[in-house]
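Breakdown of the fold
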Amino acid sequence: LLVAGFILHGSVNALADDSRLRILRIIHEKGELRSQEIMTLLDLSQSAASRHLKQLSATGFLVERRCTGAKCYDLNPQRIEDTLKAISLFLLGST
């Protein structure tokens, strides 16, 4: 679905998983985290964490960067705001 130039379907799918929502929440609470820290804090396997982090990064909810031999992740607040506005526009016809 394209809403005001924003592709909604991929964004909603990325948020339709408890583990991905937990990842977003823990990064919101603690700030930028390494993938290993996310795995430990949320008791996720390496493969599960990698899969979820990849989807959240690909959809723009997380910003990924290299830090001291690891990948670090932080929230992209603009993407979250844009997604919420697009959902509002789609469902309520307003922003």
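Preceding this paragraph is the structure being described.
Here's what I pulled together on the structure shown here. These numbers were taken from a predicted model, which means no experiment stands behind them.

**Brief notes about the overall build of the chain**
Along its length, the chain carries 5 helices and 5 strands. Ordered by position from N to C terminus, the α and β elements of the chain give β-β-α-α-β-α-α-β-β-α. Relative to its 95 residues, the chain shows a buried fraction of 36%. Partitioning the intrachain contacts of the chain with sequence separation of at least 6 by distance along the chain shows that 52% fall at a separation of at least 24. As presented, the chain carries roughly 5900 Å² of accessible surface, and 53% of it is formed by carbon and sulfur atoms. Averaging the positions of the 12 positive and the 10 negative side-chain charges in the chain gives two centres separated by 4 Å.

**A word on the pattern of salt bridges**
Counted under the stated rule, the structure contains 3 salt bridges. With a closest N to O distance of 2.8 Å, Arg-65 and Glu-32 form a salt bridge. Within this pair, whereas Arg-65 is found in strand β4 (residues 62-67), its partner Glu-32 is found in the loop between α2 (18-30) and β3 (33-34), the two being separated by 33 residues in sequence. Using a relative accessible area of 42% as the deciding quantity, one classes Arg-65 as partly exposed. When the shortest N-O distance is used, the salt bridge between Glu-64 and Lys-71 registers 3.5 Å. A relative accessible area of 31% means that Lys-71 is categorised as partly exposed.

**Here's the deal with the pairing of β4**
In this structure, β4 lies alongside strand β5 (residues 70-75), joined through 6 bridges in antiparallel fashion. Of the residues in β5, the one forming a bridge with Cys-67 is Ala-70.

**Things to note about the environment of Gln-36**
Here Gln-36 shows up in helix α3 (residues 35-42). You can call Gln-36 partly exposed: its relative accessible area is 47%. Residues Gln-36 and Thr-83 lie 47 residues apart in sequence; the distance between their C-alpha atoms is 27 Å.

Cut-offs applied
- Within any chain, residue numbers begin from 1 and follow the written order of that chain's sequence.
- Only residues with pLDDT of at least 70 are given local features in this predicted model, and only at 80 or more are side-chain atom pairs given and counted; all residues enter the totals for whole chains, interfaces and linings.
- Water and hydrogen atoms play no part in the side-chain values, which are based on all heavy atoms of the structure.
- Counting from the N terminus, the helices are the DSSP runs of H or I reaching at least four residues and the strands are the DSSP runs of E reaching at least two.
- Exposure categories follow from relative accessible area, calculated using a 1.4 Å probe and restricted to protein chains: below 20% of the type maximum is buried, above 50% is exposed, and the middle band is partly exposed.
- By the convention used here, residues are in contact when the closest approach between their heavy atoms is within 4.5 Å.
- A 1.4 Å probe and the Shrake-Rupley method give the accessible areas. Residues count as covered only by the protein chains that appear here.
- Charge counting treats Lys and Arg as positive and Asp and Glu as negative, with His and both chain ends excluded.
- To locate a charge, take atom NZ for lysine, CZ for arginine, CG for aspartate or CD for glutamate.
- Take a side-chain nitrogen of Lys or Arg and a carboxyl oxygen of Asp or Glu: if they are within 4 Å of each other, that pair is a salt bridge.
- Following DSSP output, two strands are said to pair if at least two bridges run between them.

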